[in-house]
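# Structural overview
Residues per chain, in single letters:
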Amino acid sequence: MRRLFKQMMENTRDEKFMHFIESIEVLVSKILSLLMVLVILAALGDLIVFLIKELFTTPYGKFNTTLFKIFGLFLNILIALEILENITAYLRKHVVQVELVIVTSLIAVARKIIILDLEKVSGIDIIGLGVAILALSISYLIIRYSNSRKTH
């Protein structure tokens with residue numbers, strides 16, 4: 001009887017500890033969400049200021065080079081939104097959604113390729129980005145396929 005009581009007390013302590021840890025995880029996730037919203041708003045403000053400045057000060061015919069910087073800023077915001085989505089998905093389900101993480105990574109690599117200055121990078125860098133995209137794409141297909149099999 002005493003042993004059963006002792007085991008019940010240990011289980012209760014373990015459950016309380018796990019509940020405490022979960023509440024800390026939720027608190028940290030909420031703080032991260034708020035901070036990410038601040039980052040997104042700051043990046044959006046930066047994009048707006050950059051766009052206004054560049055649209056009115058860039059001489060005719062030079063806007064093409066500025067366009068890649070603008071795309072980079074847009075994709076920065078998109079990546080930040082995806083990270084926010086990862087955090088909020090974790091808050092909802094308490095599980096890191098691997099598919100979202102892979103999509104975010106693909107967007108980050110795509111951003112790198114879009115703003116890439118081909119005159120300043122070596123061939124090995126381009127090969128590395130290609131391998132990264134291939135690996136992430138295959139990972140995405142595998143996760144997507146396994147998720148679709150679970151629902152059917």
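Being a predicted model, the structure only gives us computed values, none of them experimental. (Residues numbered from 1 in each chain as written. Predicted model: local features only at pLDDT ≥ 70, side-chain atom pairs only at ≥ 80, totals over all residues. Heavy atoms only, no water.)

## Looking at the overall build of the protein chain
Secondary structure summary: the protein chain contains four helices and zero strands in total. When its helices and strands are written in sequence order, the protein chain yields α-α-α-α. Relative to its length of 152 residues, the protein chain is extended, with a C-alpha radius of gyration of 23 Å against a globular reference of 15 Å. Oriented by its inertia axes, the alpha-carbon framework of the protein chain measures out at about 85 × 35 × 35 Å. Looking at the protein chain residue by residue over its 152 residues, the buried ones come to 20%. Relative to all contacts within the protein chain whose residues are 6 or more apart in sequence, the contacts with residues 24 or more apart total 65%. Of the roughly 11,600 Å² of accessible surface on the protein chain, 70% is carried by carbon and sulfur atoms. With 17 positive and 13 negative side-chain charges, the protein chain shows a spacing of 5 Å between the two charge centroids. (Helix = DSSP H or I, 4+ residues; strand = E, 2+ residues; numbered from the N terminus. Rg over C-alpha atoms; globule rule 2.2 N^0.38 Å. Buried < 20%, exposed > 50% of the residue type's maximum accessible area, 1.4 Å probe, protein only. Contact = heavy atoms within 4.5 Å. Areas by Shrake-Rupley, 256 points an atom, 1.4 Å probe, with all protein chains shown as cover. Lys, Arg positive; Asp, Glu negative; His and termini not counted. Charge placed at Lys NZ, Arg CZ, Asp CG, Glu CD.)

## Quick look at a nonpolar patch on the surface
On the surface, a cluster of nonpolar side chains totalling about 940 Å² of accessible area is made up of Phe 17, Met 18, Phe 20, Ile 24, Leu 27, Val 28, Ile 31, Leu 32, Leu 35 and Leu 38. Tracing the sequence through the fold places Ile 31 in helix H1 (residues 2–57). (Patch = residues over 30% accessible without salt bridge, like charges linked within 9 Å, V, L, I, M, F, W, Y side chains within 5 Å. Salt bridge = Lys/Arg side-chain N within 4 Å of Asp/Glu carboxyl O.)

## Regarding the environment of Leu 32
Tracing the sequence through the fold places Leu 32 in helix H1. The class of Leu 32 is partly exposed, set by a relative accessible area of 43%. Each C-alpha atom of the pair Leu 32 and Thr 88 lies 9.5 Å from the other, and the pair is 56 residues apart in sequence.

## Examining the nonpolar core
Judged by nonpolar contacts, Met 36, Ile 40, Leu 47, Phe 50, Ile 70, Leu 73, Ile 77, Ala 80 and Leu 84 together constitute the single largest core of nine residues. Among the elements of the structure, H1 and helix H2 (63–93) are those that each provide at least two residues to this core. No other element matches H2, which puts five residues into this core. Non-local contacts of Ile 40, meaning those with residues more than four positions away in its chain, are made with Ile 77, Ala 80, Leu 81 and Leu 84. One finds Val 109, Leu 116, Leu 129 and Leu 136 within the second-largest nonpolar core, a separate group that totals five residues. (Core = buried A, V, L, I, M, F, W, Y, C linked by side-chain atoms within 4.5 Å.)

## Quick word on the confidence of the model for the protein chain
On average, the protein chain scores 85 in pLDDT, and the residues at 70 or more come to 91%. Ranking the elements of the protein chain by mean pLDDT puts H2 last, at 85, and helix H4 (residues 123–151) first, at 89. (pLDDT = per-residue confidence, 0-100.)

## Considering the pattern of salt bridges
Here the structure, examined in full by the defined rule, presents two salt bridges. A salt bridge links Glu 85 to Arg 92, with the shortest nitrogen-to-oxygen separation between them at 4.0 Å. For Arg 92, a relative accessible area of 57% puts it in the exposed group. We note a salt bridge from Arg 144 to Glu 99, for which the minimum N-O separation is 3.4 Å. You can see Arg 144 sitting in helix H4 and its partner Glu 99 sitting in helix H3 (residues 98–114), a full 45 residues away along the chain.

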